Amino acid sequence: MTSNKHQNNKLRNIAIIAHVDHGKTTLVDAMFRQSGLFRENQNLEDRLMDTLDLERERGITIAAKNCSVEWKGVRINIIDTPGHADFGGEVERALSMADGAILLVDASEGPLPQTRFVLKKALDAGLKIIVVINKIDRQDARTAEVLDEIYDLLIDLDATDEQIDFPLLYAIGRDGIAMQDPADAGRNLHPLFDAIVAEIPGPAYDPGAPFQMRVSDLGYSDYLGRLAVGKVFNGTARSRDNLVCIGDQGQNTPLKVSKIQVYEGMSLVDIADVQPGDIVVVAGIEDVKIGDTICNREHPAALSRISVDEPTVSMKFTINNSPFGGMEGKYVQSSRLRERLHKETLLNVAIQVEEGLDRDSVLVKGRGEFQLAILIETIRREGYEFSVGRPEVIYRYEEGRRLEPLEKLFVDCEEQFLGIVTEKLSLRKGKMTNLVNNGKGRVLIEFSVPARALIGYRDEFLTDTRGTGIMNSLFDGYGDYRGDCPSRFTGSIVADRKGSAIPYALFNLEPRGRLFVEPGDPTYEGMIIGEHNRGQDINVNPCKEKKLTNMRASGKDDNVILSPIKTVTLEQAISFIREDELVEVTPRSLRMRKTILPAQKRHLVNSARKKARSA
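Quick caveat: nothing in here was measured; it's all calculated off a predicted structure. (Residues numbered from 1 in each chain as written. Predicted model: local features only at pLDDT ≥ 70, side-chain atom pairs only at ≥ 80, totals over all residues. Heavy atoms only, no water.)

Draft legend 1. Main features of the packing of aromatic side chains. Considering all chains together, one arrives at 8 aromatic pairs under this definition. Measuring from ring centre to ring centre gives 6.0 Å for Tyr457 and Phe461, while their planes differ by 50°; the resulting arrangement is tilted. Here Phe461 and Tyr457 lie together in helix H12 (residues 457–464), a separation of 4 residues that amounts to about one turn. Overall, Phe461 belongs to the buried group, its relative accessible area being 1%. (Phe/Tyr/Trp six-rings, centres within 6.5 Å; stacked < 30°, edge-to-face > 60°. Helix = DSSP H or I, 4+ residues; strand = E, 2+ residues; numbered from the N terminus. Buried < 20%, exposed > 50% of the residue type's maximum accessible area, 1.4 Å probe, protein only.)

Draft legend 2. Quick look at the side chain of Arg482. Here Arg482 lies in the loop between strand E27 (470–480) and strand E28 (491–495). One buried charged residue, Arg482, forms no salt bridge at all, with the nearest opposite charge on Glu404 at 5.2 Å. With residues near it in sequence (within four places) discarded, Arg482 still touches Glu404, Leu406, Lys429, Gly430, Lys431, Ser448, Val449, Pro450 and Arg452. (Lys, Arg positive; Asp, Glu negative; His and termini not counted. Salt bridge = Lys/Arg side-chain N within 4 Å of Asp/Glu carboxyl O. Contact = heavy atoms within 4.5 Å.)

Draft legend 3. Examining the packing of helix H8 (residues 334–347) against helix H9 (residues 369–381) more closely. H9 packs onto H8 with a crossing angle of 125° between their chain directions and a minimal axis gap of 12 Å. The angle between H8 and H9 falls in the class oblique. Handedness of the crossing formed by H8 with H9: right-handed. Mapping the contact onto sequence places Leu337, Arg340, Leu341 and Glu344 in H8 and Leu375, Thr378 and Ile379 in H9. Here the contact of H8 with H9 is built from residues that sort into 4 nonpolar, 1 polar and 2 charged. (Axes fitted to C-alpha atoms, helices over the stretch in contact; angles between N-to-C directions. Parallel < 35°, antiparallel > 145°, perpendicular 65-115°, else oblique. Left-handed = near helix turned anticlockwise from the far one by under 90°. Nonpolar A, V, L, I, M, F, W, Y, C, P; charged D, E, K, R; others polar.)

Draft legend 4. Structural context of the pattern of salt bridges. One pass over the full model with this rule turns up 32 salt bridges. Across the pair Arg338 and Glu355 runs a salt bridge, and its minimum N-O distance is 3.2 Å. Placement of the pair is Arg338 in helix H8 and Glu355 in strand E19 (residues 352–355), with a sequence separation of 17 residues. Since its relative accessible area comes to 16%, Arg338 is described here as buried. Salt-bridge contacts for Lys424 lead to Glu460; the nearest nitrogen and oxygen are separated by 3.0 Å. In this pair, Lys424 sits in helix H10 (residues 418–427) while Glu460 sits in helix H12, placing the two residues 36 residues apart along the sequence. Salt bridges linked by common partners bring Asp537, Arg578, Asp580, Glu581 and Lys594 together as one network.

Draft legend 5. Representation of the environment of Thr312 within the structure. Among the secondary structure elements, Thr312 is positioned in the loop between strand E17 (293–296) and strand E18 (313–318). Overall, the relative accessible area of 4% leaves Thr312 in the buried class. Separated by 54 residues in sequence, Thr312 and Gly366 have C-alpha atoms that sit 6.3 Å apart. Look past the residues within four positions of Thr312 in its chain and what remains in contact with it is Gly366, Arg367, Glu392, Val393, Ile394, Pro405, Phe475 and Tyr478.

Draft legend 6. Up close: the packing of helix H1 (residues 24–34) against helix H7 (residues 190–199). At a minimum axis distance of 10 Å, the contact between H1 and H7 shows a crossing angle of 90°. As summarised for this structure, H1 and H7 are arranged roughly perpendicular, according to the angle between their axes. Between H1, through Leu27, Met31 and Gln34, and H7, the contact on the second element is made entirely by His190, Leu192, Phe193 and Ile196. For the contact of H1 with H7, the residue count by class is 5 nonpolar, 2 polar and no charged.

Draft legend 7. Spatial organisation of H7. Along H7, the positions that sit buried rather than exposed are Leu192, Phe193, Ala195 and Ile196. What you see down the axis of H7 is that its buried residues fit within an arc of 160°, all on one side. (Arc of directions from axis to C-beta.)

Draft legend 8. Region of the structure containing the nonpolar core. Residues Leu103, Leu119, Ile129, Ile133 and Ile150 are the most contacted members of the largest nonpolar core, which totals 42 residues. With near-sequence residues (within four places) excluded, Ile129 lies in contact with Ala101, Leu103, Leu119, Ala122, Leu123, Phe166 and Pro167. Ranked by size, the runner-up nonpolar core spans 29 residues in total, among them Val362, Val568, Leu570 and Val585. (Core = buried A, V, L, I, M, F, W, Y, C linked by side-chain atoms within 4.5 Å.)

Draft legend 9. Layout of the state of the cysteines. Taken as a whole and assessed by the stated rule, the structure comprises 0 disulfides. Free of any disulfide, Cys245 has its nearest neighbouring cysteine sulfur in Cys295, separated by 8.1 Å. Using a relative accessible area of 1% as the deciding quantity, one classes Cys245 as buried. (Disulfide = S-S within 2.5 Å.)

Draft legend 10. Representation of helix H5 (residues 143–156) in the model. Here H5 contains 14 residues, and its C-alpha end-to-end distance of 20 Å stays within 8% of the 20 Å for a straight helix at 1.5 Å per residue. Within H5, burial applies to Thr143, Val146, Leu147, Ile150, Leu153 and Leu154. In a view along the axis of H5, the buried residues occupy a sector of 120°, so they form one face of it. In H5, the exposed residues that point more than 90 degrees away from the buried face are Ala144, Asp152 and Ile155. Two residues or fewer past H5, Asp158 is found with a positive phi of approximately 60°. (Expected span 1.5 Å × (residues − 1).)

Draft legend 11. Molecular detail of the pairing of strand E11 (residues 225–234). Within E11, 10 of the 10 residues are buried, which leaves it mostly tucked inside the rest of the structure. Across 5 bridges, E11 lies against strand E16 (residues 279–283) in antiparallel orientation. Bridged to Lys231 within E16 is Ile279. (Pairing = 2+ DSSP bridges.)

Draft legend 12. Looking closely at unusual backbone geometry. The backbone of Asp158 shows a phi angle near 60°, a positive value even though the residue is not glycine. Residue position: Asp158 is located in the loop between H5 and helix H6 (161–164). One non-glycine residue, Lys429, lies in the positive phi region at around 65°.

Draft legend 13. Summary view of the environment of Pro405. Along the chain, Pro405 turns up in strand E24 (residues 401–414). A relative accessible area of 1% means that Pro405 is categorised as buried. Taking the C-alpha atoms as reference, Pro405 lies 4.4 Å from Tyr478; in sequence the two are 73 residues apart. Pro405 has contacts with Thr312, Val393, Ile394, Pro450, Ala451, Phe475, Gly477 and Tyr478, leaving out every residue within four places of it along the chain.

Dropping the structure here:
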């Protein structure tokens, strides 16, 4: 730390890092309750930080969010980071505001791949780390081994000696208990609060520098308009001050601050002026992007912009031109869809939007298929109706070589499934890099696989391991193209006419494969109603009724009993479709379909392709 830097010891800015389902949101709930933020008898919801409907439904953190608690006169700003690598843009935004991080690890599962991704970002940013081993009351807790794994992980990630010499706490987040020794009988989270104040440095600032704030998040208020959220690096500012916003091209936009707010718990409170190092919300500017610098008008100086990893997956978004188009959605025009996607790029630095090959389509690029699935689900719930294509990886070309994104895949499965998992991944050009058999019936396997090979593999993996396997992946850079690999070994069962599915017809189609529709579901020509057992597509009539005669049958007709179908989720649908197929997304329905709906036209196009290949 340079000599002209001071520290604001009234503040602590911390990010909480954890893998999905390791208890991060539950721990933050307990911190809220014990910091004196709420009354003793106040009725509170669980998982206060999961403010989005999708977060509550899926039990994951999708968007980075801010809150604060008070402890012994020090305000602790807590930044909740997503635990999934697909939301890496949120992680990079969150860590740009933090001066330290709490690494929360499950006492049984240990540090998992997504923990590795976020921790690497925190270490690269030079943040001070506090390690908390959570859920030590689990029957299968292995606290000592998990601690060794954390040390191994930090060494593997090239942590500095200071970062490896971390403060260590043990916790039962659900009960709101933290302790320095697992043998102690903890009573509360006071040891964690004390460790944050003692170990995490206060934000550093230059007392002689003018006001500088980097925008890390954006919000919107019906009363105040656009809100810019970020950390104050230097100087102070007051409400009604005349400032300037420096954009990505270095352009200066004058602004007048209409209101300045800070976090108190989950809510915002007005303040007269801000102090260096604080995380504030500024109102009074409309044209602002994540990464911009808000600073003094007399001495404009831009801070370094937030850098994010390049997107690795792209997906085509287009209008819904099926026979059912426009029946269920509120917004169906391509212009409305394009406008909504461009709005998303303002809030999410990891999403990129480009014009498609035709005027009705847009190409959206992101970190992974899961991130794009969450985006689709979000805008679908807002009333949009559209179609999306299969996720495709983004290739790079260097010196005449084609490079593709690779993933480091971690598989935990029972020993009896080792053969089938290895066989399936080798067909997808995967290479086994490590195998650990602990002699307890389960094996840990590491693979290096192309990112495109994992699209659509997750469901197959769960089927192969009978639901007992655990699979996690982590982006592992770009490597040489490994050759063509099959994406799907089965074909599609495609409806050949418009109508309603009939039980008699579906009963006779069941031997052909797995069906996606139930009796009474509407169908149209080109709609995919099932997965064919064989590799080629098949056109069928799902509306066929049993022929009736006036001849009296001996006995009575058999009742048609259909096998129950498993509803296809959005993630399963976008990973199931092939290159010539789309998913029709509406606020009420999900349907899979062929890009070209008429069967005759599809046949002519496929014949032309075969001729072109043989020529």
